[in-house]
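Below, each chain spelled out in residue letters.
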Amino acid sequence: MRIDEIEAHAFTIPTDGPGGREQDGTLTWEATTLVLVVARGGGLAGVGYTYADVSAATLVQSKLAAAVTGEDALTPAAATHRMLAAIRNVGRPGAGAMAVSAVDIALWDLKARLLGRSLVTVLPAVHDRVPVYGSGGFTNYSGDRLAGQLAGWVAQGIPRVKIKTGRDPGADPGRLAVARKAIGDAVELFTDANGALTVGQARYWAGRLAEEWGVRWFEEPVSSADLEGLRHVRERAPGGLDIAAGEYAFVPRDFLNLLQPPAVDCLQADVTRCGGITGVLGVSGLSAAHQIDLSAHCAPAVSAHAFCAVERLRHLEYFHDHTRIEALAFDGILEPVDGALVPDPGRPGLGLTVKWPDLEPYRVRVP
Ligand SMILES: [Mg+2]
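Conventions used here
Residues numbered from 1 in each chain as written. Predicted model: local features only at pLDDT ≥ 70, side-chain atom pairs only at ≥ 80, totals over all residues. Heavy atoms only, no water. UniProt positions renumbered as here; feature names shortened; annotations may be inferred. Helix = DSSP H or I, 4+ residues; strand = E, 2+ residues; numbered from the N terminus. Buried < 20%, exposed > 50% of the residue type's maximum accessible area, 1.4 Å probe, protein only. Contact = heavy atoms within 4.5 Å. Pairing = 2+ DSSP bridges. Axes fitted to C-alpha atoms, helices over the stretch in contact; angles between N-to-C directions.

Going by what an unreviewed UniProt entry lists, the protein chain is known as Mandelate racemase and is assigned to Amycolatopsis rhizosphaerae. The Cofactor (unreviewed entry) comment attached to the protein chain in UniProt states, word for word, "Mg(2+)".

Quick look at the structure:
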C-alpha cells in the first residue's frame, strides 16, 4: 500500500486566559496554531499534528509531501528519514522538525489504521498507560483562577500539577502559597520557569522552592540552550528537586547534549517537535542508555500512545491549552483515569476523528 496524498491545514485558536492572553516566564501569547496533517493511502486517512506557526504547514506542502507521496504506507520511519533528507538545506531543527513530526504522526496513524489496530499495539509498547500531571498555572492568572484550575485537576484524580514561575519573582511566593493551599500536601507541585532566570537566581529559587513549598520539579530554571548553566543549577539543587528540560530538543544531538554530561534529572521530549513517533522511539533509547527518565511534553492525544513505548517513562504534561484544543478538534480524546491516560487498544490508530465543522471557524490560509 502506498501513501497517496499528504494535506496540511492550519487553525489558530485563541486562548481562554485573562484578557485573551496567557503568560509564562518568557512569553505572552494570545492564540495557538494547530497544524493538522492528513495522510491518505489504501483508502484510509491518518491524522497528525503539531503546535507551530502556519509556516510549518507551508513546509509540509512545499517540501515534505513530495518526499513521501508514493512511498510504502507501512514504513513510516523510512518516510520520515526521506523527509529529514529533503529538508537538509531548509533547516531540520525548529519548524522543519515540527513539520516532519506532524507528517510522521499522520503516517503512523495511517499505518495502524491500515492494519486495523490501535497505534499503541503497533508500537513496541512497554506500558499500557501514561501518568499525567496537570499543567497551566499561567503567570497572569488571578489567585482564584490559579487555585481553581489546580484544584480541578486534583478533583479529576491527577496527583501532580505544575505552574509557571519566573515572570515576576516577587509575585511567585504568593502564587506558590496559593497553589500549595489549593492542592493540599499530598499532591506533587511542579514549577516551570521557561528559562527566565539567571544561574544565580535559579540556585536561589531551587532552595526556596524545595524547602518552602515542597516543589519536586524545577523545569528550565535557565534557558535549556545554556547547558553549562543548567548543569551548574542541577549539581547544586537540593535532593528531591528534579531539574528538567528537553521541550526544545528537535534532533537526536539536542537530547544527547542534555544527557552527556547530565544537565537534567529527567529529560523531556515533545512528540510534535522531535520527529514524531519515530523521533520519540530514538529519544527513548537515549534515555534508557543514560538511565534518565523521559517525560512527555504536551500534545496528550498523541503522547498517550507514543510514550507507552518509552521504557523509562516518567509522565506526560497534560497542558491546559492542548487539552482544550484537542477536545475542540477531535472526537475520541482520552480523559484521565486514576491520574493516567489509557489508550483504547480496540480503537484503530490514535482513535481520533477530526471535527472539521468545529475547527472551520479557526482556519487560517496556508500560504
Ligand atoms: Mg515547559
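A. Structural view of the environment of A97. Considering the arrangement of structural elements, one finds A97 in helix α3 (residues 95–114). By relative accessible area, A97 is classed as buried at 3%. Between the C-alpha atoms of A97 and L84, which are 13 residues apart in sequence, the distance is 7.9 Å. In this structure A97 touches R92, F250, R273 and G275, once residues within four positions along its chain are discounted.

B. Just the sheet that holds strand β4 (residues 31–41), in detail. In spatial order, the strands read β5-β4-β1-β17; together these four strands make up an open sheet with antiparallel pairing. The open sheet terminates on both sides in strands that have one partner only, identified here as β5 (44–51) and β17 (363–364). As judged from the ten bridges shared by strand β1 (residues 5–14) and β4, these two strands associate in the antiparallel manner. Paired with I6 across the strands is A39, a residue of β4. Each of β1, β4 and β17 is contacted by helix α1 (residues 54–68), which is oriented at about 170° to β1, the strand it contacts most.

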